[in-house]
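Descriptive structure summary
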Amino acid sequence: MSHLEVIKEKWRRFIAYLNEKKIIQAADKTYTFTWNLFLIIVVLILLGGCLAAGAGAGFLASLVKNEPVRAEATMKEEIYNYSTTSMMYFNDKSKLGNLRADLNRDEVSLKNISPFVKDAVISTEDEYFYEHEGVVPKAIIRAVIQEVTGSSNRSGGSTLTQQLIKNQILTNEVSFDRKAKEILLALRLEHFFTKGQILEAYLNIVPFGRSSSGHNVAGIQAAAQGVFGVDAKDLSLPQAAFLAGMPQNPFVYSPFTNSGDVKKDISAGTNRMKIVLKRMLTAEKITPDQYEKAIKYDVKKHFTKKKENSYEKYPYLSMEVERRSASILAAQAAKQDGKNYSTLKRKEKDEYRQNAYVQLRQKGLKIYTTINKKMYDEMEKTAKNKYLFGSPHTVRVKNDKGKWVYVQQPQEVGSILIENKTGAILSFVGGRDYNREQLNHATQALRQNGSTMKPLLAYAPAIEEGKMQPGYIIPDTPLTIGKYNPHNYDNRYHGLLSARTALAKSYNIPALRSYLMADHADAFNRLEKMGFSSIAEADKSAPSVAIGGLTHGVTVEENTNAFATFANQGKFVDAYLINKIVGKDGKVVYQHKIKPVTAYSPQTSYLILDMMRDVLKPGGTAASIPGRLNFSADWAGKTGTTSSAKDSWFVATNPNVTLGVWHGYDKPDALPAGQQHISQTLWAAFANDAYKYAPSLIAPKERFSMPSGIVRKEICGISGKLPSDLCRKAGLVTTDLFNVKYAPNSKDNSLDTGLYVIANGKKYKASDSTPKEFTKNGVMVGEELFNGVDLKEAAGVDARDLLPDKSLPENGKAPGTVSGISVKDGKLSWSSSGESDVIGYRIYQASGTSGSFKKIGSVTSDHTSLSAPSGVLYVTAVDIAGKESSPSEKVTYGTKKQESTDKDKKKEDSKRESKKDTKEEPEKEKPKEKKPTEEKPSDKPKKPSDEQNTDKKETENPSN
């Protein structure tokens, strides 16, 4: 029997035994019962599970029943709707800084984030990130059990996806309701987003505590820059680990205080960094060697230095960018709503502005300005140079407690530099110290602009209308306009001046006369076209506005911008600071567009520029400017000083740029004597600052281009008309520029010939009784030309020779005897009469031996000497009416015979006196000889009229 058969036989016997003993029947019943019981238990478990699942599902459904089912587009909008700090840029696209925000965040793409950061965050916050579909069930069950049991050991169950949902869509509320919604939305988000998109969004929204400037930061880019001073893509392993550990408790692990200083104890942060590195090692994201090196890394040593934010480093500029950007966005929003922002009521404007500020703080806009960083920095440095300013002024003000106190008020400055063709603001100076005074003195402070208004309102309108041209003559004489009695700054009158000279010298009265010639409504319309926005209604009826007497004033920006109009051939180009605003998505939100407005003709503009060139030439009020500059350019400008010297200005333009400066006190007060021209010093310093970084722009080689329609003509300087022969004879011919439409076409008829005399250094008309020997025949001005202008007051320096007084007042008596007569070195001289009506002197000489004297010459009153002839001489004074004084003392000059005769006479006189003293009887007098030396003072000369008749032929052309 084989081995197999033996096994089968034994098996058969075993079964037979079991049947015999009825064991199989019992086992069969047991199996049937057990199986059925198992099936019942499984069914019950399944039913319980289904019941529990149904209950759980029902509970979950009840928690999220009100949660809307979000579409993909909706979820994307909400996830990416994190607040991002808006950034400001200079004109070269270098960063100016962040705009103000409660939380600074700088968005960055995943490709620009260091791989160390990605690995560190995933290893620490969500080790199964690339495996789960939004949630990890066991983590959720663990978290639920811990919540139900009240366990103190809370491990949490949120994935990065859930944390993203919690931060961007839901709240931080701790409840089953919020958790249920978080789970549902996390599953849905994973369906729409890739893992890379989720990780990128998470790294851009997660908070990282404080930066080195003391501000709260969020997002890995802002954290990398704020903590280590590097971009997110350049973070090293230990730096990435340090930052990756911070989101769990940002303000505990942050190394900086709210002032930007490094904390004394940063061990919490470094210990957390070590935990992150350990998890990276466990997850095999780094090698043991990398781990060991990273553990030893001195984090504190690599913290970035304390940084000033843009509002600390560039306070005036940052605030100005914010203010202008808000205005732009508000105006755009209003336009989208079909409204004109400028005409809205204050409350509605404020609403639009508030919404604009929200956009600036949260929407991550990029704002590109026109500011040249190097110019701005250099001008700011100059403004802080205390040696360029004068003394502070003590003023009485109320303090925070409402009490009056005395404080020192320093001198302030506001300045702006504008590119003419574009209107771009290249640089400005808002003030000397923002911490002391936040008002921007360049763009916000309203001050009277003094004489800088003259070219804008006094001369340009009159020139445009043809009422005035640069060479026209304007009397600088007393002027009354109603109750207004204006004066020049030197309290003098300067006679007949051309408009060109009057502007260069900055005289008020000629400017007012020019303004009175123009159409005032048209003049103000043009001024508003040039950007003046603060003209009061009262200004339009006040003549003083033509010389800068504004009710409210004007900003430095507006005043400077208006001057640039002339450089643009009469087209006003509004100044701007914001070039463009770009959204977070890269789309241009706003782009500035240049919109020129015609205010004046090219001809008027050029004539004004040419007149203002003279302001910087010798004799002009800004003659010192060219010598202060490190370069030369074709500048045309105007100085300005307001009443009591409370404001000092200088604005000048060249073919490329216009620079304006205001200088004064915040609380208007008189600048000290000698400090009223500091504005010119500052202007030159700022111009040199700008030239340093943009020489070709600030100092163009080309000059202002003369447009067609301008001619240069010879004119008579006394009238502004074409020169006559008499004008040429008087040497008064000059040349000037004219708009060809208004060039003179008639000859000067203001001059005539006539007789005049000289007295006290001035010239007067001769009267009928004036001796002709003292008169001169010359060119004089015809009185009818000036329609009643007082020629005495109008006798300016340039016209003095041509404007003699109508008459010289006579004192009613004969002149006093001339004194001080003497002969020395062949010259007879005497003292000036000193009497106001004396017009000349006559010189007499003894005639032979008859004892008579004859007149040998006459000189006008401006001469007190002449070559002495031989003989006995005396001098008399003659007044305007022909009255003559008594003879002066006599002097003898010439031959020895005459000299010995004088000696003999003296001896005889001496003897005669001696005899009288000794009481001797005098000798019998011999008949007297008629000698010239014996003429007694009692022998009176002939009357002037007789003398004049006797010597008529001899004295018609007296020798001088």
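Just so we're clear, the structure is a prediction, and the values are computed from it rather than from any experiment.

Topic: the overall build of the protein chain
On a plain count of helices and strands, the protein chain comes out with 30 helices and 31 strands. By residue count, 47% of the 960 residues in the protein chain fall in the buried class. A total accessible area of about 49100 Å² is found for the protein chain, and carbon and sulfur atoms account for 51% of it.

Thoughts on the sheet that holds strand β6 (residues 366–369)
Spatial strand order, β2-β1-β6-β14-β15: five strands in an open sheet with mixed pairing. Sheet topology places β2 (95–98) and β15 (588–591) at the edges, where each strand pairs with a single neighbour. The average angle at which neighbouring strand axes cross in this sheet is 15°, direction not considered. Sheet topology note: the strand β14 (residues 578–582)/β15 ladder contains three bridges and is antiparallel.

What about the pattern of salt bridges?
Taken as a whole and judged by the stated rule, the model has 37 salt bridges. Residue Asp350 pairs with Arg346 through a salt bridge whose shortest N-O separation is 3.7 Å. Residue Asp350 and its partner Arg346 are located together in helix α16 (residues 346–362), separated by four residues, close to a single helical turn. A single network of salt bridges, built from pairs that share partners, joins Arg500, Asp610, Arg613, Asp614, Lys617, Asp634, Arg703 and Asp736.

With respect to the packing of helix α22 (residues 556–567) against helix α23 (residues 602–613)
At a closest axis distance of 8 Å, the pairing of α22 and α23 adopts a crossing angle of 110°. Relative to α23, the element α22 is oriented roughly perpendicular. Where α22 abuts α23, its residues Phe563, Thr565, Phe566 and Ala567 lie against Ser605, Ile608, Leu609 and Met612. Split by residue class, the contact of α22 with α23 holds six nonpolar, two polar and no charged.

Some details on the packing of helix α12 (residues 267–282) against helix α13 (residues 288–295)
Packing of α12 against α13 brings their axes to within 10 Å, and their N-to-C directions diverge by 175°. The orientation of α12 relative to α13 falls into the category roughly antiparallel. Judged by residue contacts, Met273, Lys274, Leu277, Lys278 and Leu281 of α12 engage Pro288, Tyr291, Ala294 and Ile295 from α13. A breakdown of the residues in the contact of α12 with α13 according to their chemical character gives seven nonpolar, no polar and two charged.

Remarks on unusual backbone geometry
Despite not being glycine, Lys93 shows a phi value in the positive range, around 70°. With respect to the element layout, Lys93 can be found in the loop between β1 (87–89) and β2. For Lys93, a relative accessible area of 58% corresponds to the exposed category. Of note in this structure, Ala645 is not a glycine but carries a positive phi near 55°. With respect to the helices and strands, the residue Ala645 is situated in the loop between β17 (636–641) and β18 (647–653).

Remarks on the environment of Asp106
With respect to the helices and strands, Asp106 occurs in the loop between β3 (104–105) and α4 (115–125). Asp106 sits in the partly exposed class, given a relative accessible area of 25%. As for Asp106 and Ile220, which are separated by 114 residues in sequence, their C-alpha atoms are 8.1 Å apart. Residues contacting Asp106, with those up to four places away along its chain left out, are Thr84, Lys95, Asn204, Ala218, Gln221 and Ala222.

Thoughts on the nonpolar core
Grouped together as the largest cluster of nonpolar side chains are 85 residues, with contacts concentrated most on Leu317, Phe428, Leu456, Tyr459, Leu527 and Phe532. Tallying contributions element by element places helix α15 (residues 315–336) first for this core, with eight residues. What Leu527 contacts, discounting residues up to four positions off in sequence, is Met453, Leu456, Leu457, Phe532 and Ile535.

Looking at the side chain of Arg842
Residue position: Arg842 is located in strand β27 (residues 838–847). Within the structure, Arg842 has its side chain in polar contact with the side chain of Glu773 (distance 2.7 Å).

Concerning the packing of aromatic side chains
Overall, the coordinates contain 20 aromatic pairs when judged by the stated rule. For the pair Trp635 and Trp683, a centre-to-centre distance of 4.9 Å together with 80° between the ring planes defines the contact as edge-to-face. Of the two residues, Trp635 is situated in the loop between α24 (625–628) and β17 and Trp683 in helix α25 (residues 678–693); the sequence distance between them amounts to 48 residues. Grouping aromatic residues by their ring pairs yields a cluster made of Phe631, Trp635, Phe650, Trp683 and Tyr691. Looking at Lys195, its charged tip hangs above the ring of Phe129, at a distance of 4.6 Å from the centre. It is Arg432 that lies over the ring of Phe389; its NZ or CZ is 3.9 Å from the centre.

Digging into the state of the cysteines
One pass over the structure, following the stated rule, counts one disulfide. One disulfide bridge connects Cys716 with Cys727, the sulfur atoms lying 2.3 Å from each other. Between Cys716 and Cys727 the sulfur-sulfur dihedral comes to about 105°; the bridge is accordingly right-handed. Remark: Cys727 occurs in helix α27 (residues 725–729) and Cys716 occurs in strand β20 (residues 710–716); sequence separation between them is 11 residues. Note on Cys716: relative accessible area 0%, which makes it buried. Relative accessible area serves as the criterion here: at 0%, Cys727 is assigned to the buried category.

Things to note about the pairing of strand β8 (residues 404–409)
Of the pairings in the sheet, the one linking strand β7 (residues 393–398) to β8 comprises six bridges and is antiparallel in character. For Arg396, the partnering residue across the bridge sits in β8 and is Tyr406.

Focus: α23
Over its 12 residues, α23 extends 16 Å from the first C-alpha to the last, a length consistent with the 16 Å expected when each residue adds 1.5 Å. Counting buried residues in α23 gives 11 out of 12 residues, a clear majority hidden from the surface. Taken residue by residue, α23 has Gln603, Thr604, Ser605, Tyr606, Leu607, Ile608, Leu609, Asp610, Met611, Met612 and Arg613 as its buried positions.

What about the confidence of the model for the protein chain?
Put simply, the protein chain has an average pLDDT of 84, and 82% of its residues get 70 or more. In this model residues 786–801 is a low-confidence stretch, pLDDT under 50, and it forms 32 contacts with partners more than four residues away in sequence or in other chains.

Section: the sheet that holds strand β25 (residues 822–824)
Sheet architecture is open: three strands sit in the order β25-β26-β29, paired in antiparallel fashion. This sheet does not close on itself; its edge strands, each paired only once, are β25 and β29 (865–867). When strand polarity is set aside, the average angle formed by the axes of neighbouring strands in this sheet is 25°. Both strand β26 (residues 827–829) and β29 contribute to a ladder of three bridges, which runs antiparallel. Bridge assignment links Ser829 to a residue of β29, and that residue is Ser865.

Considerations on the environment of Leu497
Topologically, Leu497 is positioned in strand β12 (residues 495–498). Its relative accessible area of 7% is what places Leu497 among the buried residues. When the C-alpha positions of Leu497 and Ser719 are compared, they lie 9.3 Å apart, and in sequence the two are 222 residues distant. Apart from residues lying up to four places away in sequence, Leu497 is in contact with Tyr472, Ile473, Ile474, Asp476 and Tyr507.

Some remarks on helix α10 (residues 237–244)
Taking burial as the measure, the eight residues of α10 include eight buried ones, the bulk of the element. Regarding α10, the residues found buried are Leu237, Pro238, Gln239, Ala240, Ala241, Phe242, Leu243 and Ala244. The inward-facing, buried residues of α10 abut α4, β4 (207–210), α9 (220–228), α11 (250–253), α12 and α13.

A few points about the environment of Ala846
Position of Ala846 relative to the elements: it lies in strand β27. Exposure remark for Ala846: the relative accessible area of 16% places this residue in the buried category. Between the alpha carbons of Ala846 and Lys890 there is a distance of 9.7 Å; along the sequence they are 44 residues apart.

Focus: the side chain of Thr124
By secondary structure assignment, the location of Thr124 is in helix α4. Here Ala120 takes part through its backbone oxygen, which lies 2.7 Å from a polar atom of the side chain of Thr124. In this structure, Thr124 is in contact with Arg272, Val276 and Arg279, ignoring residues within four places of it in sequence.

Procedures and definitions
Residues numbered from 1 in each chain as written. Predicted model: local features only at pLDDT ≥ 70, side-chain atom pairs only at ≥ 80, totals over all residues. Heavy atoms only, no water. Helix = DSSP H or I, 4+ residues; strand = E, 2+ residues; numbered from the N terminus. Buried < 20%, exposed > 50% of the residue type's maximum accessible area, 1.4 Å probe, protein only. Areas by Shrake-Rupley, 256 points an atom, 1.4 Å probe, with all protein chains shown as cover. Pairing = 2+ DSSP bridges. Axes fitted to C-alpha atoms, helices over the stretch in contact; angles between N-to-C directions. Salt bridge = Lys/Arg side-chain N within 4 Å of Asp/Glu carboxyl O. Parallel < 35°, antiparallel > 145°, perpendicular 65-115°, else oblique. Contact = heavy atoms within 4.5 Å. Nonpolar A, V, L, I, M, F, W, Y, C, P; charged D, E, K, R; others polar. Core = buried A, V, L, I, M, F, W, Y, C linked by side-chain atoms within 4.5 Å. Polar contact = N/O pair within 3.5 Å; in protein donor to acceptor, adjacent residues only side chain to side chain. Phe/Tyr/Trp six-rings, centres within 6.5 Å; stacked < 30°, edge-to-face > 60°. Lys NZ or Arg CZ within 6 Å of the ring centre and 35° of its normal. Disulfide = S-S within 2.5 Å. Expected span 1.5 Å × (residues − 1). pLDDT = per-residue confidence, 0-100.

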